[in-house]
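Commentary on secondary and tertiary structure
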Amino acid sequence: MDLGQVLANGIVLGALYACLAVGFSLVWGVLNVINMLHGSFIILGGYLTFFAWHLFGVHPLLMLPVVGALLFCLGYFLQAVFINKVVTAPVLTTLTLTFGLDMILYNFMTVYFSATPRQVTLDLGSIDLFGIYLPNERLLGMALALLLTGLLFVTMRSSSIGRAIVAVRMDRFAAALMGIKVNRIYAITFGIGALMAGTAGALFALVYPVTTNLTGIFLGKAFVVCVIGGLGSVPGALVGGLALGLIESISGVVFGPQHSLTVGFVVMLVLLVFRPTGLVGVKGYE
Amino acid sequence: MMSRLGLALFALWIVVLATTPFYADNSIVRTAIMLAMYSVLAFSWNFIGGFTGYPSFSTAAFFGLGSYAGAIAQTHGVPMGFAWVIATVFVAAFAAGLGMILLRLRGHYFAIGSIGVVEVCRLVVSSWSGVTGGGNGLNVPLLMWAPDTVGAFFLWVMLGLMVIAFALTAFVDNHRLGFGLKCIRQNEDAADMVGVNTTFYKVSAYILSAFLCGTAGAVYASWIGYIDPTDSFQILLTVKVPVMALLGGAGTVLGPAVGTAAFVVMEEFVWANFLNWNRAILGIIIVVLIFFLPGGLLKISYRRMINRLKGRESAGAPV
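Here's a quick rundown of the structure. (Residues numbered from 1 in each chain as written. Chains lettered and ligands numbered in written order. Predicted model: local features only at pLDDT ≥ 70, side-chain atom pairs only at ≥ 80, totals over all residues. Heavy atoms only, no water.)

1. Quick notes on the side chain of arginine 122 of chain B
Mapped onto the secondary structure, arginine 122 of chain B falls in helix H6 (residues 107–127). If we ignore the near neighbours within four places in the chain, the residues touching arginine 122 of chain B are Pro229, Thr230 and Phe233 of chain B. (Helix = DSSP H or I, 4+ residues; strand = E, 2+ residues; numbered from the N terminus. Contact = heavy atoms within 4.5 Å.)

2. Looking at the packing of helix H8 (residues 147–174) of chain B against helix H9 (residues 176–186) of chain B
Axis angle and axis distance: for two packed helices, these are the angle between their axes and the distance between the axes, and together they describe the pair. Residues and elements named next belong to chain B. Closest axis-to-axis distance for the H8/H9 pair is 4 Å, and the angle between their directions is 75 degrees. Looking at the two axes, H8 sits roughly perpendicular to H9. Facing H8, whose interface residues are Val172, Asp173 and Asn174, H9 presents Arg176, Leu177, Gly178, Leu181 and Lys182. The residue inventory of the contact of H8 with H9, partitioned by class, reads three nonpolar, two polar and three charged. (Axes fitted to C-alpha atoms, helices over the stretch in contact; angles between N-to-C directions. Parallel < 35°, antiparallel > 145°, perpendicular 65-115°, else oblique. Nonpolar A, V, L, I, M, F, W, Y, C, P; charged D, E, K, R; others polar.)

3. A few points about the nonpolar core
The tendency in soluble globular proteins is for nonpolar side chains to be buried side by side. Within the largest apolar cluster, 197 residues are counted, with the highest numbers of intra-cluster contacts made by Leu20, Ile34, Phe41 and Phe223 of chain A together with Tyr206 of chain B. The contacts of isoleucine 34 of chain A, once residues within four sequence positions are left out, are Phe24, Trp28, Val91, Leu95, Thr98 and Phe223 of chain A together with His108, Ala111 and Ile112 of chain B. Grouped together as the second largest cluster of nonpolar side chains are six residues, Ala8, Val12, Leu134 and Met142 of chain A included. (Core = buried A, V, L, I, M, F, W, Y, C linked by side-chain atoms within 4.5 Å. Buried < 20%, exposed > 50% of the residue type's maximum accessible area, 1.4 Å probe, protein only.)

4. Notes on a nonpolar patch on the surface
Residue and element names in this part refer to chain B. There is a patch of nonpolar side chains on the surface, built from Leu5, Leu9, Leu12, Val16, Phe22, Tyr23 and Trp156 and spanning about 790 Å² of accessible area. Where the nonpolar patch is concerned, the elements lending two or more residues are helix H1 (4–18) and helix H2 (20–23). Per element, the largest residue contribution to the nonpolar patch is four residues, and it comes from H1. Relative to the helices and strands, leucine 9 is located in helix H1. (Patch = residues over 30% accessible without salt bridge, like charges linked within 9 Å, V, L, I, M, F, W, Y side chains within 5 Å. Areas by Shrake-Rupley, 256 points an atom, 1.4 Å probe, with all protein chains shown as cover. Salt bridge = Lys/Arg side-chain N within 4 Å of Asp/Glu carboxyl O.)

5. A closer look at the pattern of salt bridges
Oppositely charged side chains may form a pair once their charged atoms are brought near each other. The full count for this structure, using the stated rule, is five salt bridges over all chains. The residue glutamate 248 of chain A makes a salt bridge to lysine 221 of chain A at a minimum N-O spacing of 2.8 Å. Of the two residues, glutamate 248 of chain A is situated in helix H10 (residues 234–255) and lysine 221 of chain A in helix H9 (residues 215–229); the sequence distance between them amounts to 27 residues. Taking relative accessible area as the criterion, lysine 221 of chain A reaches 10% and is therefore assigned buried. Among the ionic pairs, lysine 240 of chain B bridges to glutamate 267 of chain B, the shortest N-O distance being 3.1 Å. Taken together, the positions of lysine 240 of chain B in helix H13 (residues 235–248) and glutamate 267 of chain B in helix H14 (residues 255–269) put the pair 27 residues apart, joining distant regions of the chain. Note on accessibility: lysine 240 of chain B and glutamate 267 of chain B belong to one class, buried.

6. Quick word on unusual backbone geometry
All names here are of chain A. For asparagine 32, which is not a glycine, the phi torsion comes out positive at approximately 60 degrees. With respect to the element layout, asparagine 32 can be found in the loop between helix H1 (3–31) and helix H2 (38–56). Note on asparagine 32: relative accessible area 41%, which makes it partly exposed.

7. Describing the interface of chain B and chain A
With 36 residues of chain B at the interface, the matching set in chain A holds 39 residues. Between chain B and chain A the total buried area reaches about 3,500 Å² when both faces are included, carbon and sulfur atoms providing 86% of it. Taken as a group, His108, Tyr109 and Ile112 of chain B account for 24% of the area that chain B buries against chain A, more than any other trio of residues on that side. Counting every contact that joins chain B to chain A gives zero salt bridges. Across the contact surface, chain B and chain A share three residue pairs in polar contact (both at pLDDT 80 or more). If you list the elements that add at least two residues to the side of chain B that touches chain A, you get H6, H13 and helix H15 (278–292) of chain B. For the side of chain B that touches chain A, the class distribution of residues is 25 nonpolar, eight polar and three charged. (Buried area = accessible area lost by both parts, 1.4 Å probe. Polar contact = N/O pair within 3.5 Å; in protein donor to acceptor, adjacent residues only side chain to side chain.)

Written out as structure tokens, the structure is:
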């Protein structure tokens with residue numbers, strides 16, 4: 001395979017990874033919680049899209065905002081009812097709690113959706129750019145992933161909710177003194193994290209088959225993207241996602257595809273040790 | 001730190017488990033072996049997660065590496081007991097090297113790093129098929145004794161490991177090392193300031209949390225006779241073990257044994273009947289544990305509870 005094709009595949013994959021991890025990064029950066037539910041949110045988004053298309057013929061693009069809204073409600077509910085109660089507890093407590101919640105959600109998905117791999121097939125044709133073969137679904141997935149990530153960036157920059165989230169991330173006590181309802185912001189942030197995960201899952205279902213067995217792998221990829229890019233910022237997730245996409249597609253050619261995941265994790269461990277703030281991370285969020 | 005009553009109950013518990021081959025059937029003996037094995041893992045985790053307060057999720061890596069080290073040694077003709085020693089030493093050395101690197105991280109980064117280690121170990125073992133058999137797994141030479149004898153033998157070996165883990169915990173708890181670790185849990189920077197050699201203490205705790213997991217893994221491999229990467233490096237195991245320790249009471253001497261006993265008994269006799277909902281029930285237990293039992297079973301004030309019950313009875317009774 002020539003270099004251009006490998007890089008193009010890496011960039012398509014990387015855009016999806018960025019969209020997949022940005023919610024995880026936001027939750028970690030703002031709430032200081034490692035959200036073990038993230039992988040299941042992604043798969044849930046993918047399954048909802050698939051079944052709406054498969055059973056009722058709803059077009060995946062129409063389904064995208066619906067999936068986003070549903071996942072937002074689920075995330076808001078989980079944070080407001082459960083996680084807010086222990087949000088200031090040590091890592092072990094919050095991580096174990098989200099893992100417990102994840103087991104419940106995962107179990108429901110395997111029972112009601114089964115673990116069969118599902119993929120939406122749209123057959124949009126493909127384009128040939130200077131000898132690089134690109135199916136249109138992938139281009140569509142990439143474009144939408146970048147669009148959603150960009151939308152989140154703009155929201156964080158210029159909406160009042162976004163400014164409140166940033167304020168809470170910087171100093172939760174000062175933010176509370178300024179009249180921000182911190183617990184509500186936490187729930188909204190968690191909801192946004194779930195929304196991004198669900199829509200990323202919906203986009204993944206356009207390009208690759210999704211199954212409940214992938215929850216752990218998607219969660220692992222979110223870890224890697226966050227550590228490579230740095231926490232709590234949208235540009236960090238974008239850089240991390242693209243880096244991971246390129247690392248995976250290049251190492252897939254060099255070492256064989258079965259090792260691409262291993263290489264990603266090894267890069268993560270090395271970066272954790274030598275540069276825990278990530279490539280574009282901000283100091284102080286460790 | 002531990003009452004004589006607690007010690008007596010622990011001894012009684014060991015006796016109850018050790019005599020199961022004489023009065024119970026094979027499935028109970030099997031459960032007893034698993035219980036002893038999980039107790040070893042929970043006691044081990046308690047050193048780093050309970051005493052030191054570091055959210056370590058690398059138990060599955062130690063267990064899996066131990067089972068593979070033991071199994072590979074055995075398939076190359078090393079006698080069983082010696083293979084267990086090799087696995088123990090190997091895992092201890094691995095933990096020492098890994099600890100030097102990983103323990104520089106704190107909080108979330110340490111948690112993620114320790115989970116990452118499990119994944120890397122699993123992926124390396126499953127792709128290095130020349131030595132480990134890859135995804136096909138590895139067959140370990142079985143003991144050619146009567147099935148009942150084999151069961152009793154492995155039960156006693158596991159219980160031996162459990163007693164060692166308990167003795168180490170009790171020793172560390174009363175020792176300078178345990179004191180230093182508890183200082184680190186409360187405030188690492190302050191501990192460093194007053195002269196606790198934090199790096200040395202943390203790495204020691206990490207090795208303590210690892211080496212018996214390696215032995216248990218090797219013994220498990222010899223007992224089961226077949227291991228594969230997904231079974232040995234389960235991400236579920238790496239969360240189950242801390243949950244057991246938390247259920248009993250992290251950072252206490254008897255907590256891991258109590259928590260493991262409660263967990264395994266529930267697992268075997270309650271939700272084995274709901275096969276499809278296994279994970280969800282475990283998840284619900286975790287949620288309940290976090291909200292209603294934050295200090296574990298040992299931290300509940302039983303005396304107050306009994307008094308309250310008595311009070312209610314006497315209040316209801318005619319005077």
